[in-house]
Amino acid sequence: MSNTIFPIMKNGSILFFYFLFTALTLSAQNPGQMNTWQYYFDRPAQIWEESIPLGNGRIGMMPWGGVDRERVVLNEISLWSGNKQDADNPEAYKYLGEIRRLLFERKNMEAQDLMYKTFTCKGKGSAGADYGKFQNFGNLYVDFIYPDASVPTKYKRTLDMNNALSTVSYTKGEVNYQREYHTSFSDDLGLIKYTADKPKALSMRLSVERDENYKAYASGNILYIFGQLPAGENQQGMKYLGMIKVLKRGGSLSTTDKDIIIKDADEVTLYLSLVTNYKNKDHERLVSDILNKAGENYNKLKSNHIREYQKLFNRVDLTLAKNSNSGLPIDKRLEAFVKDRTDNDLAALYMQYGRYLLISSTRVGGLPPNLQGLWAPQLSPPWNGDYHLNINLQMNLWPAEVCNLSELHKPLIEYVNSLVEPGSRTARVYYDSDGWVTHILGNVWDFTSPGESPSWGATNTSGAWLCQHLWEHYAYTQDIEYLKSVYPTIKGAARFFEDMLVEDPNNGYLVTAPTTSPENSYKTSSGDVLSICAGSAMDNQIIRELFSNVSAAARLLDVDKDWIQGIEAKKAKLAPTTIGKHGQIMEWLEDYDEAEIHHRHVSQLYALHPGYELTYEKTPELMQAAKTTLERRGDESTGWSMAWKINFWARLKDGERTYKLIGDLLKPAGRDHGTYPNLFSSHPPMQIDGNFGGCAGIAEMLVQSHAGYIELLPSVPRGWADGSVRGLKVRGGGEVSFAWKNGSMTDIEFKAVASNTFTIKLPDKERNVKGIKNYRLKNDMLTADLKKGQKITIIFNN
């Protein structure tokens, strides 16, 4: 079957598909056949960023693959120190009016000083014990005992993304050793299997430990680790319990107080169950129930795991050209890519790795991925391993819809819903406003207060940005019952700004005051370097989008007709996105220069991406100003910032610049930004949002559906002359597959995931449309009414 794509039009909103494609692909044409997606090392890990990430959305393992000593870092996504707290400062609102007066009188320094004294959270904020941090669960150590001291050969350590497995193989003496690891998607436990091709070849000592707040012991064939994490004063910390069951075939098993010792076994299998009492009333029973329910048939567990995992991973495939470097160990392959970027398949691997990480770090009913995904080797990860809400958490979910993992958006959606109640209190305490708000900091304890430092903690549009994800899930799925369920959350965010916005007497615009442009600072004419402002460009863009989305949702649901008229009136009084003295998009209402021209945040371009206020069709001058903004900011930055710039340049339809930024992102990190050997993104240190942003950016190069039409290959470099993709999703409820050769489309298949009217912009070449008779063709626009499940195929004559 040939592959097709189609645009989508609903309620007058058109989604076109522009085609530059042609068919190379077995993968695009045969949904049952996947490319091989893996990377490998030819040596054990020396640092955590060389170990292999495995996860099932709740538990994580990262094996290092040591020959003499194996370390497996263990994680559980809900394991947090801290506890719920009331961090809202009841005195803050008393000073809001004065802060605004100072801002409007251009006394920004005085306003900022007053904010530091009065308009922060209570306590220490993100530095406090109450706030907490995501923590490592423990470390499993396996010390191997060999009959001789021979040097190992033929070492290979692999991540198999097709099956969510990691393997290690090596030869020592005359024995070939194999290991296999996975975190089960079907049975919710970790499994490790050690084998050898000679009998009685496996002898080892197993132990589990943690840096602090733990007890460990061995009893029978089970290792135990348990404890309780610190919390704030007079608070009960989270409890956790891990059980590692050790089964052997042949040989002997004995225990000490803390170790299990295996001698002369033929095979050893470990079953790991890790549980916390986060939303689990009886975690001690649950941890053993998981083990008991799983049973002891490893091959059956492995088969069930692969089947469940592939239901998600196998939805999308991408074929791009390989070169002679494509078969290198991944660390060497990254090094080779610095000088030779014809290894196009590395970009395809990176996209699929991003999908793999998302599948592995979140799942329906669980938590969204944090700054670390769900992997951390330490008790104090960078930035607490928390949820930063001024881009980082949002970026984690950018691939969810377009990369055909829509259900993995749900943990974020539920997290956003969970912020409404605490965020309503925060809105009232700080702003005396209805609705709900949250600021930059997020944890599992419902923290919504401003941060401890106004320079970064005062941003108050984080909840509105999160609501974009609630709308995007509807845009891609067209699930009206879902929209009905999240409408109160979106409306609550809009109600906050309906109340909170205040008129700036200097220009008549409605503005957020006080606020920031996330983490950036500006220089005043007097030489002051400040952060606090009124009405940053990003705030205006996000609120305009929020008001548009809540109005659209209300119309679809046929509710709040009178209320949305008021919302539309307030939207009209927001400051427009404006071009400044350098030809750039202004970041603040005043045309200030930024204190750091190459700052990692490019918040004034929210309207370009992930928003879609800026397009060539509607705002060509602003698109040029966006280019100028990016040229001034520069390309190289933190990992996640470069990932964002991939998306920016994809929206600007500059394939060469986009691919150049992929090269920057994939530069071996060392102590700098880029990519670590295991493909984790480097801020530095490791921060997983760069992986997800890069993944989404590559998808954005292949298909776009934000600007009132769907466009295929909008931003691919000349080097991607041939290729194919299967299974990407588009707004309006469609799924597309297509192939191209010599830069020209060969075939497209489009499937309607929801009943809708689809409009496709076609290239000017002969084509054969199959699967529908009653389509309309005008100029280069093909429009067709499709029912859910209906497909169209377009084959081009080249």
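Residues numbered from 1 in each chain as written. Predicted model: local features only at pLDDT ≥ 70, side-chain atom pairs only at ≥ 80, totals over all residues. Heavy atoms only, no water.

Asks: Give a detailed account of the sheet that holds strand β7 (residues 138–144), specifying residues and quantitative values.
Replies: If you trace the 7 strands from one edge of the open sheet to the other, you get β4-β5-β6-β7-β12-β17-β16, paired in antiparallel fashion. The sheet is open, and its two borders are formed by β4 (54–55) and β16 (252–255), each paired with just one other strand. Inspection of the sheet shows strand β5 (residues 59–63) paired to strand β6 (residues 69–76) by 5 bridges, in the antiparallel sense. Residue pairing across strands places P63 opposite V72, the latter belonging to β6. (Pairing = 2+ DSSP bridges. Helix = DSSP H or I, 4+ residues; strand = E, 2+ residues; numbered from the N terminus.)

Asks: Give me the lowdown on the nonpolar core, citing residues and values where you can.
Replies: Ranked by internal contacts, the top residues of the largest apolar core, which has 229 residues, are L74, L140, M161, L270, Y356, L702 and F738. The element that contributes the greatest number of residues to this core is helix α7 (residues 344–361), accounting for 11 residues. Beyond its immediate sequence surroundings of up to four residues, Y356 is in contact with P53, L54, L159, M161, A164, Y309 and F313. (Core = buried A, V, L, I, M, F, W, Y, C linked by side-chain atoms within 4.5 Å. Buried < 20%, exposed > 50% of the residue type's maximum accessible area, 1.4 Å probe, protein only. Contact = heavy atoms within 4.5 Å.)

Asks: Hey, could you go over the sheet that holds strand β10 (residues 175–183) for me, with residue numbers and the actual values?
Replies: Strand order in the open sheet formed by 9 strands is β3-β8-β9-β10-β11-β18-β15-β14-β13, with antiparallel pairing between adjacent strands. At either margin of the open sheet sits one strand with a lone partner, and together these are β3 (38–41) and β13 (215–219). In this sheet, adjacent strand axes meet at a mean angle of 15° when their direction is disregarded. Note that strand β9 (residues 165–172) and β10 share 7 bridges and pair antiparallel. Bridge pairing in β10 links Y170 to Y177. (Axes fitted to C-alpha atoms, helices over the stretch in contact; angles between N-to-C directions.)

Asks: Can you lay out helix α3 (residues 108–118) for me, pointing to particular residues and giving the numbers?
Replies: Restricting attention to buried positions, one finds in α3 the residues N108, A111, Q112, L114, M115 and T118. Seen along its axis, α3 keeps its buried residues to an arc of 165°; they face one direction. (Arc of directions from axis to C-beta.)

Asks: Describe the packing of helix α5 (residues 298–313) against α7, listing the residues and the values that go with them.
Replies: Closest axis-to-axis distance for the α5/α7 pair is 10 Å, and the angle between their directions is 125°. Judged by the angle between their axes, α5 and α7 are oblique. Where α5 crosses over α7, the two elements pack in a sense that is right-handed. The residues of α7 that touch α5, namely those facing Y309, L312 and F313, are Q352, R355, Y356 and I359. Residues of the contact of α5 with α7, tallied by class, amount to 5 nonpolar, 1 polar and 1 charged. (Parallel < 35°, antiparallel > 145°, perpendicular 65-115°, else oblique. Left-handed = near helix turned anticlockwise from the far one by under 90°. Nonpolar A, V, L, I, M, F, W, Y, C, P; charged D, E, K, R; others polar.)

Asks: Provide a residue-level description of the side chain of D664, including the pertinent values.
Replies: Counting through the fold element by element, D664 comes out in helix α19 (residues 655–665). For D664, a relative accessible area of 8% translates into the label buried. Engagement of the side chain of D664 in a polar contact is seen with the side chain of K660, the distance being 2.8 Å. Dropping the residues within four chain positions of it, D664 is found in contact with R341, D635, E636, M642 and G674. (Polar contact = N/O pair within 3.5 Å; in protein donor to acceptor, adjacent residues only side chain to side chain.)

Asks: Go over the confidence of the model for the chain, please, and point to the residues and values.
Replies: Looking at the chain, the pLDDT average stands at 93 and 96% of residues meet or exceed 70. Low pLDDT (under 50) marks residues 1–29, which in the prediction has 181 contacts with non-local residues, meaning those over four places away or in another chain. (pLDDT = per-residue confidence, 0-100.)

Asks: Residues and numbers for the environment of Q624, please.
Replies: Tracing the chain through its elements places Q624 in helix α17 (residues 620–633). The exposure class of Q624 is partly exposed, given its relative accessible area of 45%. Counting along the chain gives 28 residues from Q624 to L652, while the straight-line C-alpha distance between them is 8.8 Å.

Asks: Mind laying out α7, listing which residues take part and the relevant values?
Replies: Taking 1.5 Å per residue, 18 residues should reach 26 Å; α7 reaches 26 Å between its end C-alpha atoms and fits that length. In terms of residue burial, α7 counts as a mostly covered element, since 18 of its 18 residues are buried. (Expected span 1.5 Å × (residues − 1).)

Asks: Please provide a residue-by-residue account of the pairing of strand β8 (residues 153–160), values included.
Replies: Each regular strand carries side chains that alternate between the two faces of the sheet. Inspection of the sheet shows β3 paired to β8 by 4 bridges, in the antiparallel sense. From the neighbouring strand, Q38 faces β8, where its bridge partner is D160. Here β8 runs beside β9; their pairing, made up of 6 bridges, is antiparallel. Across the sheet, residue T153 finds its bridge partner in β9, namely T171. Between the end of β8 and the start of β9, which pair antiparallel, lie 4 residues, with A164 showing a positive phi angle near 55°.

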